[in-house]
Amino acid sequence: MQILQGKKIVLGITGGIAAYKTPELVRRLKDHGADVRVVMTAAAQAFITPLTLQAVSANAVSDSLLDTQAELAMGHIELAKWADFVLIAPATADSIARISCGMANDLLTTICLATSAPIAIAPAMNQQMWHAQITQENINKLISRKVEVFGPGSGAQACGDVGLGRMLDVDELVALTCDFFQPTTKVIQTDLSGQTWVITAGPTREAIDPVRYISNHSSGKMGYAIARAAQLAGAKVKIISGPVNIPTPEGCMKLSVESALQMHQQALKLAKNADVFVACAAVADYRVAEISTQKIKKSADDMQINLVKNPDIVADVAALSSKPFTVGFAAETQNVEHYALDKLKRKNLDMIAANNVALSGQGFNSDDNALTVFSSKTKTDLPLASKRILAEQLVQLISQHYI
Ligand code: C5P
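(A) Focus on unusual backbone geometry. A cis amide bond, omega -10 degrees, links Ala89 with the succeeding residue Pro90. You can see Pro90 is positioned in strand β3 (residues 85–91). Cis rather than trans, the peptide bond between Gly151 and Pro152 has omega equal to 0 degrees. Despite not being glycine, Lys146 shows a phi value in the positive range, around 70 degrees. As for its position among the elements, Lys146 is in the loop between α8 (133–144) and β5 (148–149).

The structure is reproduced here in structure tokens:
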């Protein structure tokens, strides 16, 4: 079952530049089974049109408190009662101020006041506005009233500043919303303080020439979710990451690499002093034998590129004299258990997490996954869940085996 199946979500959009991300947010919430109704402020409509949101949500968009037609259909109180969850994204400094004061002079603030559903806000504003004392007071007031605050993230801002205040990425907002409906309170009971975890994540890129490469569809989501879970449980976490488009979890150190050889070099260096090594990266099995220094020109109708085998990173880590507790992944399309157990043994791993990437809605690039985790003596099924939750369960499982 999808995590948000049947959940009724009111998405409130206020007037910030991050509003341009909301059609994708609506689409992704719907992908997880949610029914989404959009409420826009007047300022939001300066950034994105109600027609776009209506098209992606497949529901009428509400924008006015005093619209007689709208009140005939689904009025503000009905919308407030309909909601299982109110998510305001982006939430501007102004909307946060008005909601924290209990104002009700537009549809969105009125719904916030009239609903008994949980409310989450995804702040989005300039870093100076975010750090302003009054904004922080407003946020604290909302937190004390049990409003969830998703983010904000840090990074380059539309105005050119760099710092805290960016709206979280759509992926993260969806994951946090899913977590809200599928809370796994304190899955990780173990305290990992004092431990160092090294995690490889994402794809590798094997250059062909200065402009082309061979790679795969790995998003890095699973590896980053494991990093986040281990960090939350107290571990010092280092991610060796191929090129990905997702943010680094707070508190984790990230080493960016491109090729399998670079990942191999960093992994062997860091694994020596690690307690746990998790190989989640989708490492290219082969690299180009001779990378052309110039762009290869189009000429003949066919061409051959010679490939040579890449080193097996996780197997080399598992062969270290100071071997950390080593966990591998096995993404298979058939005979999952057979191949996973073979890899566990052949690569001298302590544990292997296997998933069937042929099943739709899980694995590569998806937000969800299901794993079967093997050690030499145990088999544990971790059923379909968001990668965040799955990662917490996996970290708990690893910590139980690694004593
Ligand atoms: O052999 P296969 O690629 O299916 O094994 C998958 C596991 O091995 C994953 O944990 C992956 O990160 C790791 N691996 C690696 N170096 C490679 C190939 C795979 O660390 N060159």
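(B) The arrangement of the nonpolar core in detail. Counting residues in hydrophobic clusters, the biggest one holds 37 residues, and the most contacted among them are Trp197 and Ile226. Once residues lying within four places of it in the same chain are set aside, the contact partners of Trp197 are Leu192, Ala230, Ala235, Lys236, Val237, Lys238, Val276, Val278, Val395 and Ile398. In terms of nonpolar packing, the next biggest core, distinct from the first, is built from 31 residues, Leu4, Met40, Met167 and Val170 among them.

(C) Here's a closer look at the pattern of salt bridges. This structure, assessed with the given rule, holds 15 salt bridges. Glu392 is paired through a salt bridge with Arg228; the nearest N and O atoms lie 3.3 Å apart. Separated by 164 residues along the polypeptide, Glu392 in helix α14 (residues 387–401) and Arg228 in helix α10 (residues 221–232) bring together distant segments of the chain. Both residues of the pair, Glu392 and Arg228, belong to the buried class. The closest approach of N and O atoms between Asp342 and Arg346, which form a salt bridge, is 3.1 Å. Of this pair, Asp342 and Arg346 both sit in helix α13 (residues 336–346), four residues apart, which is roughly one turn of the helix. Using a relative accessible area of 34% as the deciding quantity, one classes Asp342 as partly exposed. For Arg346, a relative accessible area of 54% translates into the label exposed.

(D) Structural detail: a nonpolar patch on the surface. Side chains of Tyr286, Met303, Ile305 and Leu307 sit close together on the surface and give an oily, nonpolar patch of about 380 Å² of accessible area. Residue placement: Tyr286 occurs in strand β14 (residues 286–288). By relative accessible area, Tyr286 is classed as partly exposed at 41%.

(E) Here's a closer look at the packing of helix α5 (residues 93–101) against α8. Relative to each other, α5 and α8 sit at 50 degrees, their axes nearing to 9 Å. For the element pair α5 / α8, the angle class is oblique. Relative to α8, α5 is oriented so that their crossing is left-handed. In this structure, α5 uses Ile96, Ala97, Ile99 and Ser100 to contact α8, whose residues at the interface are Asn138, Ile139, Lys141 and Leu142.

(F) Seen up close, the sheet that holds β5. Here five strands make up an open sheet; going across it, the order is β2-β1-β3-β4-β5 and the pairing parallel. Of all strands in the sheet, those with a lone pairing partner are β2 (35–40) and β5, marking the two edges. Of the pairings in the sheet, the one linking strand β1 (residues 8–13) to β3 comprises four bridges and is parallel in character. Across the sheet, residue Gly12 finds its bridge partner in β3, namely Ile88. Strands β1 and β2 of the sheet are contacted by helix α2 (residues 50–57), whose axis makes an angle of about 170 degrees with β2.

(G) Local environment of the packing of aromatic side chains. Per the stated rule, a full pass over the model turns up four aromatic pairs. Ring centres 5.5 Å apart and planes at 70 degrees place the aromatic pair Phe85 and Phe181 in the edge-to-face group. Here the residue Phe85 occupies a position in strand β3, and Phe181 occupies one in helix α9 (residues 170–181), the gap between them amounting to 96 residues. Look at Phe180 and Phe181: their rings are 5.8 Å apart centre to centre, the planes differ by 80 degrees, and that puts the pair in the edge-to-face class. By the ring-pair criterion, three or more aromatic residues cluster together here, those being Phe85, Phe180 and Phe181. Across the ring face of Trp82, the terminal group of Arg37 is positioned such that the distance to the ring centre comes to 5.3 Å.

(H) Expanded view of α14. For α14, with 15 residues, the first-to-last C-alpha span of 21 Å sits near the 21 Å given by 1.5 Å per residue. Burial of α14 is extensive: twelve of the 15 residues sit out of reach of the surface. Every buried residue belonging to α14 is among Lys387, Arg388, Ile389, Leu390, Ala391, Glu392, Leu394, Val395, Gln396, Leu397, Ile398 and Ser399, and all of these are buried.

(I) Main features of the packing of helix α1 (residues 22–31) against α9. Direction vectors running N to C along α1 and α9 enclose 40 degrees, while the axes themselves pass 10 Å from each other. Between α1 and α9 lies a crossing of right-handed hand. In this structure, α1 uses Glu24, Leu25, Arg28 and Leu29 to contact α9, whose residues at the interface are Val170, Asp171, Leu173, Val174 and Thr177. Class assignment for the residues of the contact of α1 with α9 results in five nonpolar, one polar and three charged.

What counts and what doesn't
- Residues numbered from 1 in each chain as written.
- Predicted model: local features only at pLDDT ≥ 70, side-chain atom pairs only at ≥ 80, totals over all residues.
- Heavy atoms only, no water.
- Helix = DSSP H or I, 4+ residues; strand = E, 2+ residues; numbered from the N terminus.
- Core = buried A, V, L, I, M, F, W, Y, C linked by side-chain atoms within 4.5 Å.
- Buried < 20%, exposed > 50% of the residue type's maximum accessible area, 1.4 Å probe, protein only.
- Contact = heavy atoms within 4.5 Å.
- Salt bridge = Lys/Arg side-chain N within 4 Å of Asp/Glu carboxyl O.
- Patch = residues over 30% accessible without salt bridge, like charges linked within 9 Å, V, L, I, M, F, W, Y side chains within 5 Å.
- Areas by Shrake-Rupley, 256 points an atom, 1.4 Å probe, with all protein chains shown as cover.
- Axes fitted to C-alpha atoms, helices over the stretch in contact; angles between N-to-C directions.
- Parallel < 35°, antiparallel > 145°, perpendicular 65-115°, else oblique.
- Left-handed = near helix turned anticlockwise from the far one by under 90°.
- Pairing = 2+ DSSP bridges.
- Phe/Tyr/Trp six-rings, centres within 6.5 Å; stacked < 30°, edge-to-face > 60°.
- Lys NZ or Arg CZ within 6 Å of the ring centre and 35° of its normal.
- Expected span 1.5 Å × (residues − 1).
- Nonpolar A, V, L, I, M, F, W, Y, C, P; charged D, E, K, R; others polar.

Honestly, that's just the spatial picture; any functional story needs more than this.
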